[in-house]
Amino acid sequence: MEGSYSEIYPEKSQDLQGLQRFFKEFSFPGGIGSHCTPETPGSIHEGGELGYVLSHACGAAFDNPDLIVAAVVGDGESETGPLATSWHINKFLNPIRDGAVLPILNLNGYKINNPTLLARVSHQELEDLFKGYGYTPYFVEGSDPESMHQAMAATLDECMQRIRSIQREARESGVASRPRWPMIVLRTPKGWTSPVEVDGHRLEGFWRSHQVPLASVRKNTAHLKFLEDWMRSYKPEELFDANGTLVAELREMAPSGNRRMGANPHANGGLLKKSLRLPDFREYEVKFDQPGQTEADNTRPMGAFLRDVMKSNMQSFRVFGPDETTSNRLDALYEVTKKFWIEESFPEDADGGELASDGRVMEMLSEHTMEGMLEGYLLTGRHGFLSTYEAFAHVIDSMFNQHAKWLSICNLLPWRQNVASLNLLITSTVWRQDHNGFTHQDPGFLDVVVNKRAEVTRIYLPPDANCLLSVADHCLRSENYINVIVSDKQPHLQYLTMEQAITHCSRGVSIWGPASNDQGQEPDVVMACAGDIPTQEALAATALLRNEFPDLKIRFVNVVDLFKLQSDREHPHGLSDRDFDGLFTTDKPIVFNFHGYPWLIHRLAYTRTNHRNLHVRGYKERGNINTPMELAINNEIDRFTLAIDVIDRVPKLKATGAHAKEKFRNEQIACRRYAHEVGIDRPDIVDWRWPF
Ligand SMILES: Cc1ncc(C[n+]2csc(CCOP(=O)(O)OP(=O)(O)O)c2C)c(N)n1
Ligand SMILES: [Mg+2]
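Calculation rules
Residues numbered from 1 in each chain as written. Chains lettered and ligands numbered in written order. Predicted model: local features only at pLDDT ≥ 70, side-chain atom pairs only at ≥ 80, totals over all residues. Helix = DSSP H or I, 4+ residues; strand = E, 2+ residues; numbered from the N terminus. Buried ≥ 20, exposed ≤ 12 C-beta atoms within 10 Å, placed from the backbone. Pairing = 2+ DSSP bridges. Axes fitted to C-alpha atoms, helices over the stretch in contact; angles between N-to-C directions. Contact = placed C-beta atoms within 7 Å. Domains from an automatic or database assignment. Nonpolar A, V, L, I, M, F, W, Y, C, P; charged D, E, K, R; others polar. Parallel < 35°, antiparallel > 145°, perpendicular 65-115°, else oblique. Left-handed = near helix turned anticlockwise from the far one by under 90°. Right-handed = clockwise from strand over helix to strand, strands pointing away. Expected span 1.5 Å × (residues − 1). Arc of directions from axis to C-beta.

A.B. asks: Give a detailed account of the environment of alanine 332, specifying residues and quantitative values.
C.D. replies: Secondary-structure assignment places alanine 332 in the loop between strand 8 (317-321) and strand 9 (339-340). With 18 C-beta atoms counted inside 10 Å, the residue alanine 332 sits in the partly exposed group. As a C-alpha pair, alanine 332 and proline 651 span 319 residues in sequence and 51 Å in three-dimensional space.

Here's what the structure looks like:
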């Protein structure tokens, strides 16, 4: 109706032929989806999976002071967890710096097969609910189209004026407090203007009108007649001319240019996106004398890097987290900005609260709302970073899925400009949940990530702080991906200088020379690893073996970029078979110590020549309140298990390794006993350093 669709898809011309093509392709095999899929210009929000409209809208409004985002919430949708929690977006919008969101609850009474909860509470309860959330609700209720259009138009006008006056007041006074933003409750019949009744069943104003209300028009002539009469009730001959073109009077009602819904540049965010101004990540290098001798919190230097990214991009970069930015050791950010807070403040908040009404770190204990805000922010052309506890990343599995699908389709649409990647730091990982235990252990988010299309997914497991910095820099520069970075926040051994880290991370997988002793020869075994703790244990196992069997030739391989393991036929980062064979050999045993569930490595590498010799260790759901070493032993990713795995698999050790094997088993028992007696790991484990 406003022409933007035909501009992008000229074959959907504004005439009879174009209309016919458009109607045929709608929700038709080989055609376009029935939701606001990426193919639909003007959309950043497909809406197929319900629950994210308010958080997306809020992300779009951030740092867009002139933008008003109208967000239509289904009354069924509003029963979902993500939507229910996202009514709180009004506590995250700064009336000076941000735009506004106008939620419109479409209270049509029904979902697919049920009444909605909110449609059957009293008017008073409904009003109290939204007042309780901090909104000023406006009610538009009725079923007479003419008067309802007028009522809605008048209410929208009033809401716009209210929003503008809130903003004006805040902007003139310079004081940002939380206003009572307006919201609209639009109570109309479901299936409004459809046939009232079909075959004795109520249709209009009932759930039976959901989606395909007349399912058998092809076989049932009476139904076909219903459909025809219904469509004719809109009087198409008054709306279109003989050519099938919308009459001029209606065409002229639409705004022009970028004001058109389908041409809004915010909904094709790459049009507006500017690259981040990035400091040189090398400046944040963790320096040390010898590799494997010094510990550092891996995420802390990245916090300093993010601080300076923030400092240089105070209008286009935000950091999101469900209450854990400090816990994840990214609190250097607070030197340049604070956590957004526009609610009441108490004097004690000044003591480490780090709250401010112009803060750019967004925290709310809702992974859904944080992820949704970030998606909305990215899709409208900005940049961001979300950190979350590993186990609870599963809370947003489904949102990850939907965003990945969105990006996959956008890749097929040349008119959709690239948006910044969604950067997800998965931290507080499974291997260091000393006092939280089993509930906080679950490295399975990566299994979800691997399901999605290769061109939009990246997984990085940097083994130390310098690798994490290198990976983070790469991710912040990238476009159209979801980058998942797994890195624990606790102190860990540091292995690579910045120069070495850059080379290692650029390659994604490489042999660590100092840990290996197979130089110039065929190795007897390949010790491979991915992830910080698994790398440390693999190194410790290598050291044990090299001490015990000086003739044993070990090749030590570390993987940062997990998709290197997949074939280059499956993933753009995948190693060619030739390179894979070169690193992992075609016939030697490989012991692979992995951060996550072991199957994932098999899943990625199952076509490789040497797959039958690939033995993977990883998390096997043996969790509890454990010391790190005990947890590693219980899941068999510890140094002793790995060393035993090598003895069991290298032919020449099978006979001679029995004594060492006994020794390693005894060590495991001793470690466990010590942990249970003293409550921490043995000093020689805690203070272990690379000995060569
Ligand atoms: C998260 C999620 N769960 C279930 C569905 C399946 N579903 C599609 S539409 C619908 C009912 C939606 O009702 P409402 O939000 O009131 O929308 P409307 O009445 O406007 O159709 C459901 C359950 C879905 N799309 N997303
Ligand atoms: Mg409904």
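Let us keep going from here.
A.B. asks: Before we move on, can you summarise the sheet that holds strand 2 (residues 100-106) with the specific residues and values?
C.D. replies: A sheet is described by the order of its strands in space; here four strands give the open sequence 1-2-4-3, paired in parallel fashion. With partners counted over all chains shown, the strands left at the sheet margins are strand 1 (68-74) and strand 3 (136-141), one partner each. Going from strand to strand, the sheet's axes swing by 20 degrees on average, the running direction of each strand aside. Together, strand 1, strand 2, strand 3 and strand 4 (182-187) form the strand contacts of helix 6 (residues 145-173), whose direction differs from that of strand 3 by roughly 165 degrees.

A.B. asks: So what about the domain arrangement of the protein chain? Which residues, and what values?
C.D. replies: The domains assigned to the protein chain are domain 1 (35-192), domain 2 (281-493) and domain 3 (511-686). Between domain 1 and domain 2, the C-alpha centre-to-centre distance is 28 Å. Of the residues lining the interface, 28 residues belong to domain 1; the matching set on domain 2 comes to 30 residues. When contributions to the side of domain 1 that touches domain 2 are tallied by element, the ones reaching two or more residues are helix 3 (53-61) and helix 4 (81-86). Per-element tally for the side of domain 1 that touches domain 2: the top contributor is helix 3, with six residues. In terms of residue class, the side of domain 1 that touches domain 2 is made up of ten nonpolar, eleven polar and seven charged.

A.B. asks: Account for the packing of helix 14 (residues 465-477) against helix 15 (residues 498-507), with residues named and values stated.
C.D. replies: Where helix 14 contacts helix 15, the two axes come as close as 8 Å, and the packing angle between them is 55 degrees. Considering the angle they form, helix 14 stands oblique to helix 15. For the crossing formed where helix 14 meets helix 15, the hand is right-handed. Residues Asn466, Cys467, Ser470 and Val471 of helix 14 touch helix 15, and the partners they reach there are Met498, Ala501, Ile502, His504 and Cys505. Looking at side-chain class alone, the contact of helix 14 with helix 15 contains six nonpolar, three polar and no charged residues.

A.B. asks: I'd like a description of the pairing of strand 20 (residues 590-594), backed by residues and values.
C.D. replies: The buried count for strand 20 comes to five of five residues, which makes it a mostly enclosed element. As paired elements, strand 18 (residues 525-530) and strand 20 share five bridges and run parallel to each other. In the sheet register, alanine 530 faces strand 20, and the bridge partner there is phenylalanine 594. Sheet topology places strand 20 next to strand 21 (residues 614-617); four bridges connect them, and they run parallel. Pairing of valine 591 across the sheet is with histidine 615, part of strand 21. Regarding the hand of the β-α-β motif, the stretch spanning strand 20, helix 18 (residues 599-605) and strand 21 is right-handed.

A.B. asks: Residues and numbers for the sheet that holds strand 21, please.
C.D. replies: Read across the open sheet, the five strands follow the order 17-19-18-20-21; overall the sheet is mixed. Two strands lie at the open edges of the sheet, namely strand 17 (509-511) and strand 21, each paired on one side alone. Each neighbouring strand pair of the sheet contributes to a mean axis angle of 20 degrees, computed without reference to strand direction.

A.B. asks: Go over helix 22 (residues 658-678), please, and point to the residues and values.
C.D. replies: When the terminal C-alpha atoms of helix 22 are compared, their 30 Å separation across 21 residues agrees well with the 30 Å that a helix rising 1.5 Å per residue should span. Three or more residues of helix 22 are buried, namely Ala660, Phe664, Glu667, Gln668, Cys671 and Ala675. The buried residues of helix 22 all sit within an arc of 100 degrees when viewed along its axis, so they share a single face. Along helix 22, the residues that are exposed and aim more than 90 degrees away from the buried face are Ala658, His659, Glu662, Asn666, Ile669, Ala670, Arg673, His676 and Glu677. Where helix 22 is buried, its residues contact helix 16 (532-548), helix 19 (628-634), helix 20 (639-649) and helix 23 (683-686).

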